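# Summary of the model geometry
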Amino acid sequence: MSETDRRTLLRAALRGCGGLAAVCAGGWGIGPGGAGRAFAQTRFSPEANIIFFTIATGPPGGTNFPIGVALATAVSSPPGTPPCDEGGACGVPNLVATAMTTAGSVVNVKGVVAGSFNSGMAQADVIFRAYHGSGFDFEGAPLTDLRVVANLFPQFVHVVVRADSTAKGIADLRDRRIAVEALGSGTRRDAELILAAYGLRPTPDQVMAVPQGDLAGLLTEQRVDALVLIAGIPVPTVMNLAGRQAIRFLPIDGPEARTLTTQHRFFTTDTIPGGTYPGQNPLRTLSVGAQWVVSARAPEEQIFLLTQALWNPANRGLLTSGHASGQFIRLRTALRGIAIPLHPGAQRFYRDAGLLPS
């Protein structure tokens, strides 16, 4: 079977499950408290047992959904497909994974712990706060059943100003109006941490939380002085904005950035490659990992096999074909920025792979 035929077959299987998303998520034992039961083989036909596995991602227009589709394709191996060493699927035998659109990180971590999803993609900062019960809707209600499978790709902090702005660095945003994304991604809290590191304490009315689709208009209309976004690159909102007017990016670097990464393990220093946006030079900034999470109740063997499939070299092309951020999904950064416990199955894989001590 050719690579093209394999991908076609896998995607057909995933589309079939995706078209019955309500059945896959509710009719196969993935209800509240059913995260562990969802791994049990479910009779699908007299010939084969199918394991359905859901991956909560994000809105259709964002980065996480296309990456989630690629991830689902990589770990799936429907019955009847040839084995990996014969050019067939290199996923978990008899598993059909489905990427599901959601509102984002907060919904995903809650759904994973509740058993509504088998797994989910979420920002490392949201995962950290959910696990420790701090911030957002998690205050005082820690989701201690949350576990990480892998760090996938960086979501870069973008601080965007108009080209004619006098601001040259983060410290210059004192008394400026700043807009951040309103969805439950943690962007506002992260923006406050970054501003504080540079000695700024904006008042509540200086930081506006708005839908991502409204951010560009606010900057263009000069109703705000800067935008803060955290997303995989390139960000469509920023690309569209750059096509409408001249913009600049403020770097996040120096001792302030290093302090942030020391105090908050979900932040890492990073660089947005030059040319990601029109006329943009390499930009020093921070990133927050997009990570794959499951419930602590998920069986160790199944998570081991999923982790093994994720990092199978034969699946590399699938992971890079869905979105530009797929290029960053690398085994060498699989443990980067993880600030809560790994799932034992994933831990076992990384130990075998030499990334963790024996």
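This text goes with the structure placed above it.
Quick caveat: nothing in here was measured; it's all calculated off a predicted structure. (Residues numbered from 1 in each chain as written. Predicted model: local features only at pLDDT ≥ 70, side-chain atom pairs only at ≥ 80, totals over all residues. Heavy atoms only, no water.)

## Notes on the overall build of the chain
Within the chain one finds twelve helices and 13 strands. For the chain, buried positions account for 54% of its 358 residues. Of all intrachain contacts in the chain linking residues separated by at least 6 positions in sequence, the fraction that spans at least 24 positions is 73%. Carbon and sulfur atoms make up 54% of the accessible area of the chain, which amounts to about 14400 Å² in all. (Helix = DSSP H or I, 4+ residues; strand = E, 2+ residues; numbered from the N terminus. Buried < 20%, exposed > 50% of the residue type's maximum accessible area, 1.4 Å probe, protein only. Contact = heavy atoms within 4.5 Å. Areas by Shrake-Rupley, 256 points an atom, 1.4 Å probe, with all protein chains shown as cover.)

## What about the nonpolar core?
Counting residues in hydrophobic clusters, the biggest one holds 53 residues, and the most contacted among them are Val109, Leu146, Leu152 and Trp292. A total of six residues in this core trace back to one element, the largest contributor, which is strand β7 (residues 146-162). Residues Leu173, Leu200, Ala257 and Val288 belong to the second largest nonpolar core, which totals 27 residues. (Core = buried A, V, L, I, M, F, W, Y, C linked by side-chain atoms within 4.5 Å.)

## Focus: the state of the cysteines
According to the stated counting rule, one finds one disulfide in the structure shown. Note that Cys84 is cross-linked by a disulfide to Cys90, the S-S spacing being 2.0 Å. Across the S-S bond of Cys84 and Cys90 the torsion is about 80 degrees, and the bridge reads as right-handed. Of the residues examined, Cys84 reaches a relative accessible area of 31% and is grouped as partly exposed. The exposure class assigned to Cys90 is buried, which follows from its relative accessible area of 6%. (Disulfide = S-S within 2.5 Å.)

## A look at empty space enclosed by the protein
Summed over all chains, the structure comprises one cavity of 30 Å³ or more. In this model, the largest cavity occupies a volume close to 50 Å³. For the largest cavity, the full set of lining residues is Val159, Ile170, Leu173, Ala191, Ile194, Leu195 and Val228. In terms of residue count, helix α6 (residues 187-197) provides more of the lining of the largest cavity than any other element does, three residues in total. Considering only residue class, the lining of the largest cavity consists of seven nonpolar, no polar and no charged. (1 Å grid on protein atoms, 1.4 Å probe; cavity = no way out; pocket = protein on both sides within 12 Å on 5 of 7 lines; lining within 4 Å. Points joined across faces, edges and corners; volume = space filled by probe spheres on them. Nonpolar A, V, L, I, M, F, W, Y, C, P; charged D, E, K, R; others polar.)

## Describing helix α7 (residues 212-220)
Where α7 is concerned, the buried positions are Leu215, Ala216, Gly217, Leu218 and Leu219. Once α7 finishes, Gln222 follows within two positions and takes phi at roughly 60 degrees, a positive value.

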